[in-house]
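# Architecture at a glance
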Amino acid sequence: MGLAAVVRAFEEIRAALAVLDAEVDGAWCGQFARPGAVADPLAALAGGCLDVLAGAREVEARVAGLKAKAAVAYADSAAVVAGPGVPAQVQEMSSAAEIGCVLALGPRAAGSFLATAHAVVTTLPRTLAGLQAGDLSWQHALVMADEAAGLDPAGTAALEAHFLDPDAVNPARGCRVGDLPAHRFRVKARTWRERHHAGSIEARHAKGVSERRVEYRPDRDGMAWLTAYLPADQASAVWDRLTSEARALQGPHERRTLAQLRADNYATALLATCPAPRPNHTHPDRTRQESGGTRAVAGAGTGGVCGPVRAQVLVTVPVFSLLGLTDEPAVLDGYGPIPPSMARNLVAGGAGSFYRVLVDPRDGAPLEIGRTSYRLTKAMRAWLRLRDGKCPFPGCSNHSLDNDADHLLGWANGGTTGISNLGQPCPKHHRLRHTTAWKPTPATKTTPPGWTSPTGRHYQSEHQDWEPLHRPPPHRPHAHWSSPAATGAIDITRHRGSPWEDALSQYLNTHT
């Protein structure tokens, strides 16, 4: 494959896309710029735009087929270059990581894409041909790969032939597969498979059971999604129980909706119990506390707190927001911005690992971690979590609570135990770093390390979005604080004993 030919081909594609883009943008004016060109310019405009959409659909399908072939070819060649000394599973993870960085996909999405591409290219020739012809979308190919998983070659060929070979003995009837929405094709394909290969459902169900999990996804406005991938009977039973209990609570004096009652009962059921702590065998110097289904890892010598939910992660709260002088949001480690009221509740509730953090008012970057965590290991670990927020590998969202502290330049090679020489990769990317040619690049006190792939490409890590602090307006006095008009200073004598007194004093002495 010649690099010049690749560059030239993509230049031609970009030029063609520019022409189409200009056509869509200029179609409206163009139809009126040529009087008498068409009888109905609006109809011509609509038809032209639909032609562009139809052509784009075909091109997207063909590009998807090209991406699948390129991904598989890269993975195969990278495995040969790596040599027989690298375990196949590790090399597959390395290839998926590189593809994920190039396509800006997260680790799970990249692995899924590579697996589907491999299935399409190596075992689903009709599906690949449909992509290359522009007849099938990538979503259709994904359905075919999912439903062919676990079938023997004859079963896979029969599945493909039924839906994609018009000359098959018993072809699919109705509209073409490519004209079906992918979710409808999934229903048809699954129905056919279960009818013709019913025995495989047990093996696939067993695989699904082994992959059961709970997932956490932050959302906006101080909310988050907590979802569970469970066996269907269990999920159905949980849903039915939540529904029946929610309906039992409904009445003339209950203002919550059925959906709100389900959510409240779900949270109450998970957070009502508090099992005893159990050892953490991965990190013996920590105690793992299971509290109402939520895991909290505290420092050495500390256990979890039974009872109401308490924060076991870093919460960075602007001091003026904590005092109610501003409405600036706080930052919950592993989640992001949270409402000030939530932060104040966490502090008032005695958050178990709450550290006072001074930040630079100009850009919001952390300046110092309080003396309560002065010990090297605790303070540096907390600083890393503040600096990175998560695993620094591109696209990874692994919560910093579960990540490993790692020397960028190994201790045995003269590396120091300083913030600029430390990263906190998740266990998977920590292993990737030490078993493949993926290497982290230098970090600083305020920026996490980037990564260099086995091919020599550099990928920037995601940085924290720090912002300058908000100063309270002068017309918003607080019950415990006063602002003498003559000097503009804040009198802190009325709030002696506050754990925030020294932080505020230092801030005021430095920046006012």
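It should be emphasised that the depicted structure is a prediction, and the values quoted were computed from it without experimental measurement.

On to the overall build of the protein, then. In terms of regular secondary structure, the protein is built from 16 helices and 15 strands. Within the span of the protein, comprising 512 residues, buried residues form 36% of the whole. In the protein, once contacts between residues fewer than 6 apart in sequence are set aside, the share between residues at least 24 apart is 51%. Total accessible area computed for the protein in this model is approximately 30,000 Å², and 59% of it derives from carbon and sulfur atoms.

Below, the discussion takes up the sheet that holds strand β14 (residues 451-452). On the basis of which strands lie adjacent, the open sheet formed by 3 strands has the order β13-β14-β15 and antiparallel pairing. This sheet does not close on itself; its edge strands, each paired only once, are β13 (439-440) and β15 (458-459). Bridge count between β14 and β15: 2 bridges; the pairing is antiparallel. Across the sheet, the residue bridging to Trp-451 is Tyr-459, located in β15.

This paragraph deals with unusual backbone geometry. In this structure, Ala-104 takes a positive phi of about 60° despite not being glycine. Following the sequence through the fold, Ala-104 ends up in the loop between α3 (88-103) and α4 (107-123). Judged by relative accessible area, which is 71%, Ala-104 ranks as exposed. Residue Asp-221 is not a glycine yet carries a positive backbone phi of 60°. When you line up the elements, Asp-221 lands in the loop between β1 (213-218) and β2 (224-229). The class for Asp-221 is exposed, based on a relative accessible area of 69%.

What follows concerns the environment of His-463. With respect to the helices and strands, His-463 occurs in the loop between β15 and α16 (501-511). For His-463, a relative accessible area of 32% translates into the label partly exposed.

As a further point, take the layout of surface pockets. Empty space within the second largest pocket amounts to approximately 1,500 Å³. Looking at the second largest pocket, it is lined by 35 residues, and the ones nearest its centre are Val-6, Phe-10, Leu-66, Lys-67 and Ala-70. If you list the elements that add at least two residues to the lining of the second largest pocket, you get α1 (3-33), α2 (41-82) and α3. Considering each element in turn, the lining of the second largest pocket owes the most residues, 17 residues, to α2. Considering only residue class, the lining of the second largest pocket consists of 22 nonpolar, 5 polar and 8 charged.

Turning to the packing of aromatic side chains, a few remarks are in order. In total, this model carries 5 aromatic pairs according to the counting rule given. Residues Phe-113 and Trp-138 carry aromatic rings whose centres are separated by 5.4 Å and whose planes lie at 45° to one another, so their mutual orientation is tilted. Placement of Phe-113 in helix α4 and of Trp-138 in helix α6 (residues 138-148) is noted, with a sequence separation of 25 residues between them. The class for Phe-113 is buried, based on a relative accessible area of 11%. Connected via pairs of aromatic rings, a cluster forms that spans Phe-393, Trp-438, Trp-451 and Tyr-459.

For the rest of this paragraph, the subject is the packing of α2 against α4. At a minimum axis distance of 9 Å, the contact between α2 and α4 shows a crossing angle of 100°. Judged on the interaxial angle alone, α4 and α2 are roughly perpendicular. On α4, the residues that touch Lys-67, Ala-68, Lys-69, Ala-71, Val-72 and Ala-75 of α2 are Phe-113, Leu-114, Ala-117, His-118 and Val-121. Grouping the constituent residues of the contact of α2 with α4 by class yields 8 nonpolar, 1 polar and 2 charged.

This next bit is on the nonpolar core. Core analysis: the largest hydrophobic core is formed by 30 residues, its most contacted members being Leu-131, Trp-138, Leu-159, Phe-163 and Phe-185. When contributions to this core are tallied by element, the ones reaching two or more residues are α2, α3, α4, α5 (125-133), α6, α7 (153-164) and α8 (182-196). What Leu-131 contacts, discounting residues up to four positions off in sequence, is Ala-61, Arg-62, Ala-64, Gly-65, Val-120, Leu-136, Ser-137, Trp-138 and Ala-141. Counting 11 residues, the second largest nonpolar core, distinct from the first, contains Ala-97, Cys-101, Phe-393 and Tyr-459.

Glancing now at the side chain of Thr-116. Relative to the elements of secondary structure, Thr-116 occurs in helix α4. Excluding residues within four positions of it along the chain, Thr-116 makes contact with Trp-138, Ala-141, Leu-142 and Ala-145.

Applying the stated criterion across every chain yields a total of 0 disulfides. The thiol of Cys-396 is not disulfide-bonded; the next cysteine sulfur, from Cys-391, is found 3.8 Å away. Taking the relative accessible area as the measure of exposure, Cys-396 reaches 6% and is therefore buried.

Let us look at the environment of Pro-449. For Pro-449, the location among the structural elements is in the loop between β13 and β14. Sequence separation between Pro-449 and Leu-408 is 41 residues; the distance between their C-alpha atoms is 8.3 Å. Excluding residues that lie within four positions of it along the chain, Pro-449 makes contacts with Arg-387, Pro-392, Leu-408, Leu-422, Gly-423, Pro-440, Thr-441, Pro-442, Ala-443 and Ser-461.

Thresholds, definitions, all that
Residues numbered from 1 in each chain as written. Predicted model: local features only at pLDDT ≥ 70, side-chain atom pairs only at ≥ 80, totals over all residues. Heavy atoms only, no water. Helix = DSSP H or I, 4+ residues; strand = E, 2+ residues; numbered from the N terminus. Buried < 20%, exposed > 50% of the residue type's maximum accessible area, 1.4 Å probe, protein only. Contact = heavy atoms within 4.5 Å. Areas by Shrake-Rupley, 256 points an atom, 1.4 Å probe, with all protein chains shown as cover. Pairing = 2+ DSSP bridges. 1 Å grid on protein atoms, 1.4 Å probe; cavity = no way out; pocket = protein on both sides within 12 Å on 5 of 7 lines; lining within 4 Å. Points joined across faces, edges and corners; volume = space filled by probe spheres on them. Nonpolar A, V, L, I, M, F, W, Y, C, P; charged D, E, K, R; others polar. Phe/Tyr/Trp six-rings, centres within 6.5 Å; stacked < 30°, edge-to-face > 60°. Axes fitted to C-alpha atoms, helices over the stretch in contact; angles between N-to-C directions. Parallel < 35°, antiparallel > 145°, perpendicular 65-115°, else oblique. Core = buried A, V, L, I, M, F, W, Y, C linked by side-chain atoms within 4.5 Å. Disulfide = S-S within 2.5 Å.

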